[in-house]
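Understanding the architecture of this molecule
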Amino acid sequence: MLSGKSPETARGSAEAGALQREQDEPLGFLVHEVANAISQAYGALMAPIGLTRPQMRVLIWVDRHPGISQAKLSELLGISAMAMTGLLDRMEAKNLVRRQEDPSDRRAKCIYLTDGALALKPEMENLAAGFGEAIQEGLTEEDLAKTQRVLATVKANVEKVR
């Protein structure tokens, strides 16, 4: 005990120091770090059922919007057209999605979930629900609502300066 502090006091001081650093950190850095931490943890959670985080994002959007165009999906997920094509190729090979010609535009492709993806849906939803509960532990409904409002405002502000 060179510092003269007990291990518990030293640990508390270290935690307080880490908290202070997080509070002093620029907002953009903190948001980026939180997003990365969530992304990595979520990816690790879904790996045992054979899914990557980008594949999960595609499945969620296609489930909500069956028949969404490949171009629109690419835009919504912020993925280049080339990267989206490769991602969908891999997902088709795993029997998760199927691409179908858009009846109104032969050049466009519409994306649909396969029976293989639909069979995974209950397990994906269960894992996602548990994950959501775990990362929101200790937060009140009011905390969550305010955080969502603040982040939506920050996002809108960022979009204005782009």
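Not measured: the values here are computed from a predicted model.

Glancing now at the environment of L113. Relative to the elements of secondary structure, L113 occurs in strand β3 (residues 105-113). Of the residues examined, L113 reaches a relative accessible area of 17% and is grouped as buried. Residues L113 and D63, 50 residues apart in the sequence, show an inter-C-alpha distance of 6.8 Å. The residues touching L113, leaving out its near neighbours within four places in the chain, are L59, V62, D63, L96, V97 and L118.

Turning to the packing of helix α2 (residues 27-46) against helix α6 (residues 115-135), a few remarks are in order. In the contact formed by α2 and α6, the axes pass within 11 Å of each other and the chain directions differ by 145°. Where α2 crosses over α6, the two elements pack in a sense that is right-handed. Judged by residue contacts, I38, A41, Y42, L45 and M46 of α2 engage M124, L127, A128, F131 and I135 from α6. Residues belonging to the contact of α2 with α6 are distributed by class as follows: ten nonpolar, no polar and no charged.

Moving on: the pattern of salt bridges. On inspection of all chains with the given rule, the structure shows seven salt bridges. For K72, the salt bridge identified is with E75, shortest N-O distance 3.5 Å. Of this pair, K72 and E75 both sit in helix α4 (residues 70-77), three residues apart, roughly one helical turn. A relative accessible area of 37% means that K72 is categorised as partly exposed. Residue class for E75 comes out exposed when judged on its relative accessible area of 56%. For D105, the salt bridge is made with R107, and the minimal N-O distance between the two is 3.1 Å. R107 gets classed as exposed once you look at its relative accessible area, which sits at 75%. What emerges from the salt-bridge pattern is a single network uniting D63, K121 and E125.

Summarising the model, the chain shows a mean pLDDT of 87, and 86% of its residues fall at 70 or more. For the chain, helix α1 (residues 7-24) is the element with the lowest average pLDDT, namely 57, and helix α5 (residues 81-93) is the one with the highest, namely 96.

Once that is clear, we can look at the sheet that holds strand β2 (residues 97-102). On the basis of which strands lie adjacent, the open sheet formed by three strands has the order β1-β3-β2 and antiparallel pairing. Strand pairing shows two members of the sheet lacking a second neighbour, β1 (68-69) and β2, which therefore form its edges. For β1 and β3, the ladder comprises two bridges, and the chain directions are antiparallel. Across the sheet, residue I68 finds its bridge partner in β3, namely I111.

What counts and what doesn't
Residues numbered from 1 in each chain as written. Predicted model: local features only at pLDDT ≥ 70, side-chain atom pairs only at ≥ 80, totals over all residues. Heavy atoms only, no water. Helix = DSSP H or I, 4+ residues; strand = E, 2+ residues; numbered from the N terminus. Buried < 20%, exposed > 50% of the residue type's maximum accessible area, 1.4 Å probe, protein only. Contact = heavy atoms within 4.5 Å. Axes fitted to C-alpha atoms, helices over the stretch in contact; angles between N-to-C directions. Left-handed = near helix turned anticlockwise from the far one by under 90°. Nonpolar A, V, L, I, M, F, W, Y, C, P; charged D, E, K, R; others polar. Salt bridge = Lys/Arg side-chain N within 4 Å of Asp/Glu carboxyl O. pLDDT = per-residue confidence, 0-100. Pairing = 2+ DSSP bridges.

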